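Analysis of the macromolecular model
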Amino acid sequence: MMLTPVALAVQAQQTVGAAMIGVGNRGAYVMRSVMEQPGVRVVALCDIKPDRLDKAASTAARDNPKTYRQWRDLLADKNVQAVHISTPCDLHVEMAIAALKAGKHVYCEKPAGIDAASIGELVKVARSTNRVFQIGQQMRSSKKLATVAQRIRDGICGKVVMIKAQRHASDDLAHDGPSADWFFDRKRSGDVIVEMAVHNLDACNWLAGSRPEMAAGFGGTLIWANDPPGRTNMDGYCLSYEYANGVKMSFTQVFFHARGMPGNGQYFYVYGTNGSVDVDQAIYYPRAKDAKPEKLAENVRENLDLAHVTAFYEAITANKPVAADITIGATGALTAIMGREAIYRKKMMTWKELGVNL
Ligand SMILES: NC(=O)c1ccc[n+]([C@@H]2O[C@H](COP(=O)([O-])OP(=O)(O)OC[C@H]3O[C@@H](n4cnc5c(N)ncnc54)[C@H](O)[C@@H]3O)[C@@H](O)[C@H]2O)c1
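Just so we're clear, the structure is a prediction, and the values are computed from it rather than from any experiment.

**Here's the deal with the pairing of strand β8 (residues 212-220)**
- Bridge count for β8 against strand β9 (residues 236-243) is eight bridges, and the pairing is antiparallel. Within the sheet, the bridge partner assigned to alanine 216 lies in β9 and is serine 240.
- Looking at chain direction, β8 and strand β15 (residues 349-350) are connected through two bridges and run antiparallel. The partner of methionine 214 across the bridge, within β15, is threonine 350.

Next comes the structure, spelled out in structure tokens:
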């Protein structure tokens, strides 16, 4: 395999210097997968909260990382080749653009951004550099999902006409939890559809083999109004999308699906002209009477977080394609933003109105 000049340079250096910006809940967790990568050392950490910085530094003590309170100082560190951005969502675009411009490879947590215009800026920069960019949509590293999506593309259920998906939970995110200082503020998180459901919506895009053209829906803060105080994000909504290839999609996210009631959790059902696919179970159910269901993939336990981090470093060192590139990240975030805006404005939103050319 021919290596790019970037990959050759990294190979010549033997080790990749990795850095974490934001070592809260997610960053500290992802760092463990980074430390498992052969030839990768955690050389720098940054967080504005000293307790988190200290804790992460002791977890990564093997690599003796330098610690920073200012993320721009970390980007100036010549020992850093790859940066993980795991800060609140409103900071992703600015940090990712600056990191790419500083010549770093970037693993940016989802969502790529929380407003359409700034995502458009990130797309331009990511495409104009020769640095690796991967979005933290780790479902894209699922072999099972990839197999099922491929079988659907190969026509197992005929022409796909509809997808039904959901992300339901029995409780709100902890009001005093580690991310509570920003999560409930939609100006910081992008709201729950962008912050959380981007994973599910991206998977729907993958299964549909397209991106939505229109969205309409309703929702709001239906149970926990002003709880916690100042809260602006939603706790429940329902949405419909129409895809560019004609697929219709129905999606709901709620935090109040009572414990014990069936139908909780997350799922994806794909309906085709010949039958339906339960994606999570990886089972195809033909519509024809008496036809037998078919297993499409094994239900093996997958460590998606580790696989996704591995894909990022293999893209840097072995010139492999990333598992989720900027187009996937931007499309996922824009899908969520289009749905969010349809709910906020109580009108049908079109992809064109987002104003981003992908
Ligand atoms: N891929 C996934 O499945 C997944 C899961 C959870 C969270 N996330 C994403 O990861 C990101 C972080 O979420 P979290 O749950 O870890 O939140 P968190 O609040 O636990 O951690 C965020 C950290 O960023 C730090 N921070 C804030 N501003 C900073 C700045 N200017 N410079 C440096 N550090 C700064 C905070 O102090 C905090 O420690 C979010 O974008 C979230 O959507 C992704």
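**Thoughts on the sheet that holds strand β5 (residues 105-109)**
- Pairing in this open sheet of six strands is parallel, and the strands run β3-β2-β1-β4-β5-β6 from one edge to the other. Every other strand in the sheet has two partners, leaving β3 (66-68) and β6 (133-136) as the edge strands with one partner each. Pairwise comparison of adjacent strand axes, ignoring direction, gives a mean angle of 20° for this sheet.
- Where helix α12 (residues 304-318) meets the sheet, its contacts fall on β1 (16-21), β2 (40-46), β4 (82-85), β5 and β6, and the angle it forms with β6 comes to roughly 175°.

**Examining the nonpolar core**
- Counting 102 residues, the largest nonpolar core has Ala19, Cys204 and Leu207 as the members making the most contacts within it.
- The biggest single contributor to this core is helix α13 (residues 326-345), with 10 residues.
- With near-sequence residues (within four places) excluded, cysteine 204 lies in contact with Ile163, Ala165, Met249, Phe251 and Phe268.

**Details of the pairing of β2**
- Among the seven residues of β2, six are classified as buried, and the element is accordingly described as predominantly covered.
- Looking at chain direction, β1 and β2 are connected through six bridges and run parallel. Across the sheet, valine 16 pairs through a bridge with valine 40, a residue of β2.
- The handedness of the β1 to β2 crossover, carried by helix α2 (residues 25-35), is right-handed.
- For β2 and β3, the ladder comprises three bridges, and the chain directions are parallel. Across the sheet, residue leucine 45 finds its bridge partner in β3, namely threonine 67.
- The handedness of the β2 to β3 crossover, carried by helix α3 (residues 50-59), is right-handed.

About the cut-offs
Residues numbered from 1 in each chain as written. Predicted model: local features only at pLDDT ≥ 70, side-chain atom pairs only at ≥ 80, totals over all residues. Pairing = 2+ DSSP bridges. Helix = DSSP H or I, 4+ residues; strand = E, 2+ residues; numbered from the N terminus. Axes fitted to C-alpha atoms, helices over the stretch in contact; angles between N-to-C directions. Contact = placed C-beta atoms within 7 Å. Core = buried A, V, L, I, M, F, W, Y, C linked by C-beta atoms within 7 Å. Buried ≥ 20, exposed ≤ 12 C-beta atoms within 10 Å, placed from the backbone. Right-handed = clockwise from strand over helix to strand, strands pointing away.

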